[in-house]
Amino acid sequence: FVCFRRYLLMALTSCLVWNTIGLSAAMDSKPNILLFLADDLGIGDIGCYGNNTIRTPNIDRLAREGVKLTQHIAAAPLCTPSRAAFLTGRYPIRSGMASSSRYRALQWNAGSGGLPANETTFARLLQQQGYTTGLIGKWHQGVNCDSFGDHCHHPLNHGFDYFYGMPFTLLNNCQENKPPELDVALQAKLWLYSQIITLAVLTLTAGKLTGLISIRWKIISCFTLAGSLFFISWYSSYGFVHYWNCILMRNHDVTEQPMRIERTSSLMLKEAMSFIKRNRHGPFLLFVSFLHVHTPLYTTAKFLGKSRHGLYGDNVEEMDWMVGKILDLLDKEGLKNHTFTYFASDHGGHLEAQDGSAQLGGWNGIYKGGKGMGGWEGGIRVPGVFRWPGVLPAGTVIDEPTSLMDIYPTVVHLAGGTLPQDRVIDGRNLVPLLQGRVQKSEHEFLFHYCGSYLHAVRWHQKDSGAVWKAHYVTPDFHPPGAGACYDRGFCPCFGEGVTHHDPPLLFDLSRDPSEAEPLAADTEPRFDTVVRTIARAVDKHRRTLTPVPEQLSLYNVVWKPWLQPCCGTFPFCWCDKEGDS
């Protein structure tokens, strides 16, 4: 019996040593890094997060073979600021990518705002560690600053060796026979003003010709010229959104203008797989930034009508198929066990995206709110799945608060790099948590912004296990109680349409993840203590902020013809180099 015990102890020790050696060897080598980021996908749209009407077997496989996060939080509820935080590991307000106006995302390829050149992305740091870096898909972080072709905001100026995709984002304007999506209310006003001016000119002209109005032709000519200039000033941009925003680029060159949306998915998949094949000897960083599942939800015929959730479900299932094709290629090339893979969404599903009774936006599960809402969970709680066979334990579920900003220090750590020391990095390295070497997230507080306005704060009270959430500002839903702002298309961050709370609305997400029942001082003994603790954290956080130029100011987001990417001679911008090839 003593001999048996000694033998068993030696065997266990040997097994532990070899596992440690194997794990250490895997960690010492630089893994390939594959990042999938969906656009507007709700946390409730995926099978491994509880959806039973949309089939996502490939994303579910990642969760089954790796680690699933249930409290993974975006730093902003809209594309541009959320992706800026993802790329830099910093709250968008630190880089100027948080807006104090109603324009909370970039509106044009020809705007002058974008991710500042002095921000250091994870791609730049991995590039310095010998990685070949690629971005396939959506960018939405700007293109030019001062002149056509300066490409100051371009992916290749932010650490990516290769870029193929949209410098902007998908819009309804990118597909024929779809209602316009960009600044619809403003366009309606501009049309009205143009019609009023035209009617006034026609009335004056008719009055002059009939002798009913005594007016000089010179004045009528001035009115006509002013009206024409007014019309041209706005229609030259809004009348040609399809040409100005719906384009594809390869590195610095425009390859499709306007893009042929019916073949875009196949081109993106082809480019992603080609990048992996070219760089299979590694190490590589590939950021697959899906155009799915943003409206107009263009879906190829193979997937149309296949899901039980309409066009939106079809589009999600097509995206999952694309994920599967890329994962299959990793298997085929023998790269699966040497690739750190991640899947997430940039923010919650867009509840207000509808076409009549058809829902064109995502489902955020049990969580209140959606895209555009900086405080409510439905706008910021997203899927988060990791896989690295042999290094991360399969089938693991982690309920700790984590952030999309955590990807930055995590991949820099895996690449053997060093984080910048001259700025605040808000993300935290997730590797110890993902491996199970620690049980608690490093995040104590997470700050939830809507534009540049702080709407809510999350406090992870580690000693008690509680996750407190204080809401200082909430949007006013319309109709009341509807859970979204169906009268506006997006909920506002400030002004009319929001309610300020003093004291803040307080929830314990560990007991009430749906944020259904706010706590009060007479029902929660710790109410005052929690509110004071969070207020002190807010003060401390604000002291770390420094003024920076606002990239989403009105001047920076308006269309500037001299900054327009163009594959011809402006304004004659048209090409189809993909078709020519």
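Residues numbered from 1 in each chain as written. Predicted model: local features only at pLDDT ≥ 70, side-chain atom pairs only at ≥ 80, totals over all residues. Heavy atoms only, no water.

1. Remarks on the overall build of the protein
Our working rule: Secondary structure counts use DSSP, requiring at least four H or I residues in a row for a helix and at least two E residues in a row for a strand, with both numbered from the N terminus. With C-alpha atoms as the basis for the radius of gyration, the globule rule is written as 2.2 Å multiplied by the number of residues raised to the power 0.38. With a 1.4 Å probe rolled over the protein chains alone, any residue whose accessible area is under 20% of its type maximum counts as buried; one over 50% counts as exposed, and the rest are partly exposed. Two residues form a contact once any of their heavy atoms are found within 4.5 Å. Note on areas: Shrake-Rupley, 1.4 Å probe, and residue coverage restricted to the protein chains presented here.
A tally of regular secondary structure across the protein gives 16 helices and 18 strands. By the compact-globule yardstick of 25 Å for 581 residues, the protein fits well, its C-alpha radius of gyration being 26 Å. Dimensions along the principal axes, computed over C-alpha positions, put the protein at roughly 120 × 70 × 50 Å. In the protein, which comprises 581 residues, the proportion classed as buried is 56%. In the protein, the share of contacts with a sequence separation of at least 24, taken over all contacts with a separation of at least 6, comes to 73%. In the form shown here, the protein has an accessible surface area of approximately 24,600 Å², with 58% of it arising from carbon and sulfur atoms.

2. Some remarks on the packing of helix 6 (residues 184–210) against helix 7 (residues 217–238)
In plain terms, the rule: Interaxial angles span 0 to 180 degrees and are taken between N-to-C directions of axes, which are lines fitted to C-alpha atoms, for helices over the stretch in contact. Throughout this description, any angle smaller than 35 degrees is read as roughly parallel, any larger than 145 degrees as roughly antiparallel, any in the 65 to 115 degree range as roughly perpendicular, and the remainder as oblique. Throughout, a crossing is termed right-handed when the near helix is turned clockwise from the far one, and left-handed when it is turned anticlockwise from it by less than a right angle. Put simply, Ala, Val, Leu, Ile, Met, Phe, Trp, Tyr, Cys and Pro go in the nonpolar bin, Asp, Glu, Lys and Arg in the charged bin, and everything else, Gly too, in the polar bin.
One way to put it is that helix 6 packs onto helix 7 with a least axis distance of 10 Å and a crossing angle of 160 degrees. On the basis of their axis angle, the class for helix 6 and helix 7 is roughly antiparallel. Seen along the crossing, helix 6 lies across helix 7 with a hand that is left-handed. The segment helix 6 lies against helix 7, with Leu186, Gln187, Leu190, Trp191, Tyr193, Ser194, Ile197, Val201, Leu204, Thr205, Lys208 and Leu209 engaging Trp217, Ile220, Phe223, Thr224, Gly227, Phe230, Phe231, Trp234, Tyr235 and Tyr238. Taken together, the residues of the contact of helix 6 with helix 7 sort by class into 16 nonpolar, five polar and one charged.

3. As for the nonpolar core
Buried together is how nonpolar side chains tend to be arranged in soluble globular proteins. Applied cut-off: Residue types Ala, Val, Leu, Ile, Met, Phe, Trp, Tyr and Cys, when buried and joined through side-chain atoms within 4.5 Å, form a set referred to as a nonpolar core. Residue ranges for the domains originate in an automatic or database domain assignment.
Formed by 65 residues in total, the largest nonpolar core has its most connected members in Phe36, Leu41, Leu286, Ile326 and Phe343. Contributing elements (two or more residues each) for this core: strand 1 (32–38), helix 2 (57–64), strand 4 (162–166), helix 7, helix 8 (241–244), helix 9 (264–278), strand 7 (284–289) and helix 10 (310–332). If you tally residues by element for this core, the top one is helix 10, at nine residues. Each of two domains, domain 1 (30–170 + 246–563) and domain 2 (184–239), supplies a minimum of three residues to this core. One finds Leu87, Met249, Phe340 and Leu414 within the second-largest nonpolar core, a separate group that totals 47 residues.

4. A short note on the confidence of the model for the protein
For residues with low pLDDT, the predicted coordinates do not support detailed interpretation. Spelled out, the test is: Per-residue confidence from the predictor is reported as pLDDT, a score between 0 and 100.
When pLDDT is averaged along the protein, the result is 93, and 95% of the positions lie at 70 or above. Of the regions scoring below 50 in pLDDT, residues 1–5 engages in zero contacts with residues more than four places distant in sequence or in other chains.

5. Quick look at the pairing of strand 16 (residues 466–475)
The line we're drawing: For two strands to be treated as a pair, DSSP must find at least two bridges joining them.
Across the 10 residues that make up strand 16, a large majority, nine, are buried. In terms of strand pairing, strand 15 (residues 453–461) meets strand 16 through six bridges, oriented antiparallel. If you follow Ala456 over to strand 16, its bridge partner there is His471. Counting the residues in the hairpin turn of strand 15 and strand 16 gives four residues, including Gly465, whose phi is positive at 85 degrees. In the sheet, strand 16 pairs with strand 17 (residues 498–508) via seven bridges, with the strands oriented antiparallel. If you follow His471 over to strand 17, its bridge partner there is Leu505.

6. Things to note about the UniProt feature "domain: Sulfatase N-terminal" (unreviewed entry) in the protein
Test applied: UniProt positions are given in the numbering used here, feature names are shortened, and annotations may be inferred rather than shown by experiment.
UniProt records the feature "domain: Sulfatase N-terminal" (unreviewed entry) for residues 31–416 in the present numbering. Measuring from the first to the last C-alpha atom of residues 31–416 gives 10 Å, for a span that is 34% helix and 16% strand.

7. Description of the packing of helix 2 against helix 10
One can describe the packing of helix 2 onto helix 10 by two numbers: an axis separation of 7 Å at closest approach and a directional angle of 55 degrees. On the basis of their axis angle, the class for helix 2 and helix 10 is oblique. Contacts between helix 2 and helix 10 pair Pro57, Asn58, Ile59, Arg61 and Leu62 from the former with Met319, Asp320, Trp321, Val323, Gly324, Leu327, Asp328 and Asp331 from the latter. Considering only residue class, the contact of helix 2 with helix 10 consists of seven nonpolar, two polar and four charged.

8. Re the state of the cysteines
As a reminder of what qualifies: To count as a disulfide, a pair of cysteine sulfur atoms needs to be within 2.5 Å.
Applying the stated criterion across every chain, the model contains six disulfides. Residue Cys450 pairs covalently with Cys493 via a disulfide, S to S 2.0 Å. In this structure, the disulfide formed by Cys450 and Cys493 twists by about -70 degrees around the S-S bond and is classed as left-handed. You can see Cys450 sitting in strand 14 (residues 445–450) and its partner Cys493 sitting in the loop between strand 16 and strand 17, a full 43 residues away along the chain. Across the pair, exposure class does not vary: Cys450 and Cys493 are buried alike. In this model Cys566 forms its disulfide with Cys573; the gap between the sulfur atoms is 2.0 Å. Since a negative S-S torsion denotes a left-handed disulfide, the Cys566-Cys573 link at about -110 degrees is left-handed. Look at Cys566 and you get buried, because its relative accessible area is 11%. Cysteine pairing in the protein follows 1-2, 3-4, 5-8, 6-7, 9-11, 10-12, where each cysteine in a disulfide is numbered by its order in the sequence.

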